[in-house]
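Residues per chain are reported as follows:
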Amino acid sequence: MRYSAFSLIRRGLTGSDWPRVWRAHPLAGSYDVVIIGGGVHGLATAYYLARNHGIRNVAVLDKGYLGGGGSGRNTAILRSNYLTPEGVRFYDRSLQLYRHLAADLNFNVMFSRRGHLTLAHNDSSLRTMRWRAEVNKLQGVDSDVIDPDEIKKLVPYLDTSPGTRYPILGALYHPPGGIIRHDAVVWGYARAADALGVHLHQNTEVVGIETKGDRVLAVRTNRGRIATPVVVNCTAGWSTLISDMVGVGMPVTTSPLQAAVTEPVRLFLDTVIVSGTLHVYVSQTDRGELVFGASVDPFTSYSMRGSLEFAEGLAGHVLELMPALSKMRLLRQWAGLCDMTPDYSPIMGPTPVEGFYVDVGWGTYGFKAGPVSGEAMADCVAHERPGEIIASFGLDRFASGRLVGEKGAAAVGH
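Residues numbered from 1 in each chain as written. Predicted model: local features only at pLDDT ≥ 70, side-chain atom pairs only at ≥ 80, totals over all residues. Heavy atoms only, no water.

On to the overall build of the protein chain, then. Broken down by element type, the protein chain carries 11 helices and 20 strands. In summary, the protein chain has a C-alpha radius of gyration of 21 Å against a globular reference of 22 Å for 414 residues, a match within 12%. Across its three principal directions, the C-alpha atoms of the protein chain cover 65 × 65 × 40 Å. The contacts in the protein chain between residues at least 6 apart in sequence include a share of 75% that link residues at least 24 apart. On the protein chain, roughly 17,500 Å² of surface is accessible, and the fraction owed to carbon and sulfur atoms is 53%. Within the protein chain, one finds 40 positive and 38 negative side-chain charges whose respective centroids are separated by 5 Å. (Helix = DSSP H or I, 4+ residues; strand = E, 2+ residues; numbered from the N terminus. Rg over C-alpha atoms; globule rule 2.2 N^0.38 Å. Contact = heavy atoms within 4.5 Å. Areas by Shrake-Rupley, 256 points an atom, 1.4 Å probe, with all protein chains shown as cover. Lys, Arg positive; Asp, Glu negative; His and termini not counted. Charge placed at Lys NZ, Arg CZ, Asp CG, Glu CD.)

Shown next as structure tokens:
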């Protein structure tokens, strides 16, 4: 059913319960497409397969609960001010989809356009910001380099004085950037996919993938076997474990990324702030909490525990930017898993095993790409070939040397 003011009033007056956001189905013996990973990428792919291409005999499998991986652990920052033309076009399409997502899904995803500031503390960083600004402008994306006086007007609490340890020389200002409610995005896609007939299976762990020759035959889970000709790997930090089941090697390493949140305070920070030099970014939620993050931990691991070293280092860097926050209390911290590629760009599309597709290698910026990834992967599966928007992100680029280097736009690992 559709959510609306009329529905809210009617159910309030009658006292009737709302239907479940999505249903629990028995595991079928076969599906046309099986998507492994119940985060925003997997759910978006299922939704666009059903909506755009009429492929509705689809199952989404997650070994835990929907959105329990990176989709529920990220800091929900949206932007499209990347470095390469391929990346800018891709993420800008995602930002466009995010703007209209609440209306498309009939679910409030709480998108908030805030503006995005990437600070430059030295001459080389400033040159990179100017480079990114010009690439963005050529792709029709609103980005520009501004000076410390303009930065101070946008964020009065930011220390822009020249006497600091890391003086701010300028910033790349990206007005379309903002934040969103990550849980709402997951729930909205899950609800919409379920309404179109997609089966969502939680607590369903994939333990093996059967192949015959070089073609996918079936998926084995802890709940039984599923025959399917198509498998889509959307498992982020666990992506290599799934790809290894069909013998497809991935140039991906998995590292933890930590984040933290403070107690809520009066709203004062309207803009998302990023500092690559200090390896920190910060935004404020609608409830008033400050959400902090940094770069990935300098080691590979599947651990999702926080560390005291991270909290101490993060707090120090935040205070260098905004000393007035020294009395705020940290409420909690957590970590998620990031699947990093050598060129900081994703791996999307078909693989040498027929019927096995991948949507992996997102590092620390996969949530930003959720809608466009789902749209593009659905198109790829339906037409059995990658579309133009993801053609540069194929697995074969590593063998041919056609890398899409985005490290300069992800210096903080975000």
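With 14 residues, helix 7 (residues 182-195) should cover 20 Å at 1.5 Å per step; its first-to-last C-alpha distance of 20 Å lies within 8% of that length. Within helix 7, 11 of the 14 residues are buried, leaving the element largely enclosed by the surrounding structure. Three or more residues of helix 7 are buried, namely His182, Ala184, Val185, Val186, Gly188, Tyr189, Ala190, Arg191, Ala192, Ala193 and Asp194. Buried positions along helix 7 lie against helix 2 (40-53), helix 3 (85-99), helix 4 (101-105), strand 9 (199-201) and helix 10 (370-383). (Expected span 1.5 Å × (residues − 1). Buried < 20%, exposed > 50% of the residue type's maximum accessible area, 1.4 Å probe, protein only.)

The next subject is a nonpolar patch on the surface. On the surface, Met1, Leu8 and Trp18 cluster together into a nonpolar patch covering about 310 Å² of accessible area. Secondary-structure assignment places Leu8 in helix 1 (residues 5-14). By relative accessible area, Leu8 is classed as exposed at 55%. (Patch = residues over 30% accessible without salt bridge, like charges linked within 9 Å, V, L, I, M, F, W, Y side chains within 5 Å. Salt bridge = Lys/Arg side-chain N within 4 Å of Asp/Glu carboxyl O.)

Once that is clear, we can look at the packing of helix 2 against helix 7. The geometry of helix 2 relative to helix 7 is characterised by a closest axis approach of 9 Å and an angle of 30° between their N-to-C directions. When the axes of helix 2 and helix 7 are compared, the pair comes out roughly parallel. In this structure, the crossing between helix 2 and helix 7 has a hand that is left-handed. For the pair helix 2 and helix 7, contact is made by Val40, Leu43, Ala44, Tyr47 and Tyr48 and by Val185, Val186, Tyr189, Ala190, Ala192 and Ala193, respectively. Looking at the contact of helix 2 with helix 7, its residues break down into 11 nonpolar, no polar and no charged. (Axes fitted to C-alpha atoms, helices over the stretch in contact; angles between N-to-C directions. Parallel < 35°, antiparallel > 145°, perpendicular 65-115°, else oblique. Left-handed = near helix turned anticlockwise from the far one by under 90°. Nonpolar A, V, L, I, M, F, W, Y, C, P; charged D, E, K, R; others polar.)

The six strands lie next to each other as 9-2-1-13-20-19, forming an open sheet whose pairing is mixed. With partners counted over all chains shown, the strands left at the sheet margins are strand 9 and strand 19 (347-350), one partner each. Taking the axes of each pair of neighbouring strands and ignoring which way they run, one obtains an average angle of 20° across the sheet. Inspection of the sheet shows strand 1 (residues 33-36) paired to strand 13 (residues 231-233) by three bridges, in the parallel sense. Paired with Ile36 across the strands is Asn233, a residue of strand 13. (Pairing = 2+ DSSP bridges.)

From the geometry alone we can't say anything about function, so treat these as descriptive.
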